[in-house]
Amino acid sequence: MEIALLGFGVVGSGAAEVLEENRELIRRRLGEEINVQYILDLREFPNHPLGNRVVHDIAPILSDPEVRIVAEMMGGSHPAYEFTKAALEAGKSVVTSNKEVVAAFGDELLQIAAEHGVSYLFEASVGGGIPILRPLRDDLASNEILSVSGILNGTTNFILTKMKRENTAFADALKEAQALGYAEANPTADVEGIDAARKIVILAAISFGKLLSPEKIPVQGISGITPEQTALCAELGFSVKLIGHTEKQGEKILALVAPHAVPETSPICHVEGVNNGILVNANIVGKTFFYGPGAGKLPTASAVVGDILSIFDGGIRLPKWEKAGATDYADPQARVCRRIFCLAGCSKCAEKSKPFFGYETYLAKDGKFVFVSRPMTEKEMANALKECGKELLWTLPVLD
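Remember, predicted model here, so these are calculated numbers, not experimental data. (Residues numbered from 1 in each chain as written. Predicted model: local features only at pLDDT ≥ 70, side-chain atom pairs only at ≥ 80, totals over all residues. Heavy atoms only, no water.)

Visitor: How should I be thinking about the overall build of the chain in this particular structure?
Guide: Within the chain one finds 14 helices and 17 strands. The C-alpha radius of gyration computed for the chain amounts to 23 Å, which stays within 12% of the reference 21 Å derived for 400 residues, consistent with globular compactness. For the chain, with 400 residues in total, the buried portion stands at 55%. Look at the contacts in the chain between residues 6 or more apart in sequence, and 72% of them connect residues 24 or more apart. As displayed, the chain has an accessible area near 17,200 Å², and 50% of this comes from carbon and sulfur atoms. Where the 40 positive side-chain charges of the chain centre and where its 50 negative ones centre are 6 Å apart. (Helix = DSSP H or I, 4+ residues; strand = E, 2+ residues; numbered from the N terminus. Rg over C-alpha atoms; globule rule 2.2 N^0.38 Å. Buried < 20%, exposed > 50% of the residue type's maximum accessible area, 1.4 Å probe, protein only. Contact = heavy atoms within 4.5 Å. Areas by Shrake-Rupley, 256 points an atom, 1.4 Å probe, with all protein chains shown as cover. Lys, Arg positive; Asp, Glu negative; His and termini not counted. Charge placed at Lys NZ, Arg CZ, Asp CG, Glu CD.)

Put into structure tokens, the structure is as follows:
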């Protein structure tokens, strides 16, 4: 069984490592061995056992009838999209870890795969080594998915964990994440929520059949979160987490990424470090939780190889997506949720403000009072703030 690897960086070399480490296990399960016939990369790898398989042009991969599966792990949109499209049109199945390509072109590539009788799988694009897309697509197929929420970026979760545990400032926690290799030199995609946005639109597409655009959903990162916020939320029994959230609102789909206050009663609250945790709410089974390493060489490579084995083993059902239209997007301001507010004022101010926000208890210190409101929309929040007349210092939505 011949395959080709596009990209031999962290994930690509990890996939080769998984195939070699579990070669005998794979042979027993499939009845044959999987052989890496080509590695497409701009670099040479003369000291690697597979160094003689390196090519610098995709043409020999596309023209080789023995290569049934192409694993794309290049990163970025281009030329990864063009190579994926060409491979599918050549009658080869493609598996990928590339969330950027899936989020931007997944509907088109799935259609091309269907037309050519091949597969396009991307389990590794969300949650690293956590099985989440296949369970959503297959194991929960008899359910209507109501919502999906989770920690989808290990870098931001590491930073927020440090801030809560050690009262560390954001900038210092980020520097440590970079020193440990958890954050890139340019961490913008992680800390500003761009990475999580790509992943939540993939989860929304699997759940609801519509591929939203990451550029059209509200995205807020964690660079504005302070140690004071994490500490005050902890006193109220919450952890601050960067959450990707999607839900169905009638016939429309809501998707967003933002810091949330997560109560201790939620399993997501206790996901720490670089791990990811995803909570799925379905109408029949109820809530199910998926937890594990959300990134890293071998966890992500494990998901890539899992997709490869699924194709060789048969029985793959492609999801059916279509590009979302303007009327498919729900209004994020209409979302109803509890909120944590921090307002300027004293205990007397807090007592007078109770009727507007519907809270029972509050914290009062240093000229501020903090509380958890009743469920409300953004419009109701604005009206309550106007009525109480107090200065809003910060607010966070609660993930219930």
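Visitor: What am I meant to see in helix H11 (residues 227-235) here?
Guide: Turn by turn, an α-helix covers 3.6 residues, leaving residues three or four places apart pointing in a common direction. Within H11, the full set of buried residues consists of Gln229, Thr230, Leu232 and Cys233. Axial view of H11: buried residues confined to an arc of 165°, hence all on one face. Phi turns positive one or two residues past the end of H11, at Gly237, with a value near 95°. (Arc of directions from axis to C-beta.)

Visitor: Is there a simple way to explain the side chain of Ser13 in this structure?
Guide: Its place among the elements puts Ser13 in helix H1 (residues 10-21). If near-sequence neighbours (up to four positions away) are discounted, Ser13 is found in contact with Phe8 and Lys297.

Visitor: I'm lost on the packing of aromatic side chains in this one. Help?
Guide: A ring pair, where both rings are aromatic, is described by two values, the distance of the centres and the angle of the planes. A complete count under the given rule lists 12 aromatic pairs for this structure. Relative to Phe371, the ring of Tyr359 lies with its centre 4.0 Å away and its plane at 25°, an arrangement referred to as stacked. With a gap of 12 residues between them, Tyr359 in the loop between helix H13 (347-357) and strand E15 (363-365) and Phe371 in strand E16 (residues 368-372) connect regions that are remote in the sequence. Each of the two residues, Tyr359 as well as Phe371, counts as buried. Counting every residue linked through ring pairs, the aromatic cluster contains Phe341, Phe357, Tyr359, Tyr362, Phe369 and Phe371. (Phe/Tyr/Trp six-rings, centres within 6.5 Å; stacked < 30°, edge-to-face > 60°.)

Visitor: What is the right way to read the sheet that holds strand E10 (residues 252-263) from this model?
Guide: With antiparallel pairing, five strands are arranged side by side in an open sheet as E10-E9-E7-E11-E12. With one partner strand each, in any of the chains shown, E10 and strand E12 (286-293) form the two edges of the open sheet. Each strand axis lies, on average, 20° off the axis of its neighbour in the sheet, ignoring direction. The sheet contact formed by strand E9 (residues 238-249) and E10 spans 12 bridges and is antiparallel. Each residue of the ladder has a partner; that of Phe238, found in E10, is Pro263. Those strands touched by helix H10 (residues 194-208) are strand E7 (145-151), E9 and E10, and its axis lies near 40° from that of E9. Across the face of the sheet, H11 comes into contact with E9 and E10 while running at roughly 80° to E9. (Pairing = 2+ DSSP bridges. Axes fitted to C-alpha atoms, helices over the stretch in contact; angles between N-to-C directions.)

Visitor: Can you walk me through the sheet that holds strand E2 (residues 35-40) in this structure?
Guide: Two pairing modes exist for strands in a sheet, parallel and antiparallel, and in both the strands are linked by backbone hydrogen bonds. One open sheet holds the six strands; their spatial order is E3-E2-E1-E4-E5-E6, and the pairing between them is parallel. In the strand order of this sheet, the two ends are held by strand E3 (54-55) and strand E6 (120-121), each with one partner. Against the sheet, helix H12 (residues 297-313) touches strand E1 (2-6), strand E4 (67-72), strand E5 (93-96) and E6, its axis set at about 160° to E4.

Visitor: Would you mind going over the pairing of strand E11 (residues 275-282) with me for this structure?
Guide: Looking along a regular strand, one sees side chains alternate from face to face of the sheet. When you tally the buried positions in E11, you get six out of eight residues, the bulk of the element. As paired strands, E7 and E11 are joined by six bridges and run antiparallel to one another. Of the residues in E11, the one forming a bridge with Ile145 is Ala282. With eight bridges joining them, E11 and E12 adopt antiparallel strand pairing. Directly across from Leu279, in E12, lies its bridge partner Phe289. Linking E11 to E12, which pair antiparallel, is a turn of three residues.

Visitor: For this particular structure, what's the right way to read the nonpolar core?
Guide: Buried together is how nonpolar side chains tend to be arranged in soluble globular proteins. Ile61, Tyr120 and Ile159 are the most contacted members of the largest nonpolar core, which totals 84 residues. For this core, the element with the highest residue contribution is H10, accounting for 10 residues. Beyond its immediate stretch of four places on either side in the chain, Tyr120 contacts Thr84, Leu88, Val94, Thr96, Val101, Val102, Leu109, Leu110, Ala113 and Leu318. In terms of nonpolar packing, the next biggest core, distinct from the first, is built from 31 residues, Phe8, Leu19, Leu309 and Ile311 among them. (Core = buried A, V, L, I, M, F, W, Y, C linked by side-chain atoms within 4.5 Å.)

Visitor: I would appreciate a short explanation of the packing of helix H5 (residues 99-115) against H10 in the present structure.
Guide: Two measures define how a pair of helices packs: the angle their axes make with one another and the distance between the axes. It is at 9 Å that the axes of H5 and H10 come closest, and there the two elements cross at 50°. Judged by the inter-axis angle, H5 sits oblique to H10. Crossing of H5 over H10 shows left-handed handedness. In contact with Lys99, Glu100, Val102 and Ala103 of H5, H10 contributes Asp195, Arg198, Lys199, Val201 and Ile202. Of the residues in the contact of H5 with H10, the class split is four nonpolar, no polar and five charged. (Parallel < 35°, antiparallel > 145°, perpendicular 65-115°, else oblique. Left-handed = near helix turned anticlockwise from the far one by under 90°. Nonpolar A, V, L, I, M, F, W, Y, C, P; charged D, E, K, R; others polar.)

Visitor: Just checking my understanding: could you explain H1 for this structure?
Guide: Over its 12 residues, H1 extends 16 Å from the first C-alpha to the last, a length consistent with the 16 Å expected when each residue adds 1.5 Å. Among the residues of H1, Val11, Gly12, Ser13, Gly14, Ala15, Ala16, Val18 and Leu19 are the ones counted as buried. (Expected span 1.5 Å × (residues − 1).)

Visitor: Sorry if this is basic, but what is going on with the pattern of salt bridges here?
Guide: Think of it this way: side chains of opposite charge can pair up when their charged atoms draw near. Counting across every chain of the model gives 21 salt bridges. Across the pair Lys199 and Asp195 runs a salt bridge whose closest N-O atoms are separated by 2.9 Å. Of this pair, Lys199 and Asp195 both sit in helix H10, four residues apart, which is roughly one turn of that helix. Taken as a pair, Lys199 and Asp195 share a single burial class, namely buried. For Glu322, the salt bridge goes to Lys210, with nearest N and O atoms at 2.3 Å. Taken together, the residues span a long stretch of sequence, with Glu322 in strand E13 (residues 322-323) and Lys210 in strand E8 (residues 210-211) at a distance of 112 residues. Through salt bridges with shared partners, one network takes in Glu20, Arg23 and Glu33. (Salt bridge = Lys/Arg side-chain N within 4 Å of Asp/Glu carboxyl O.)

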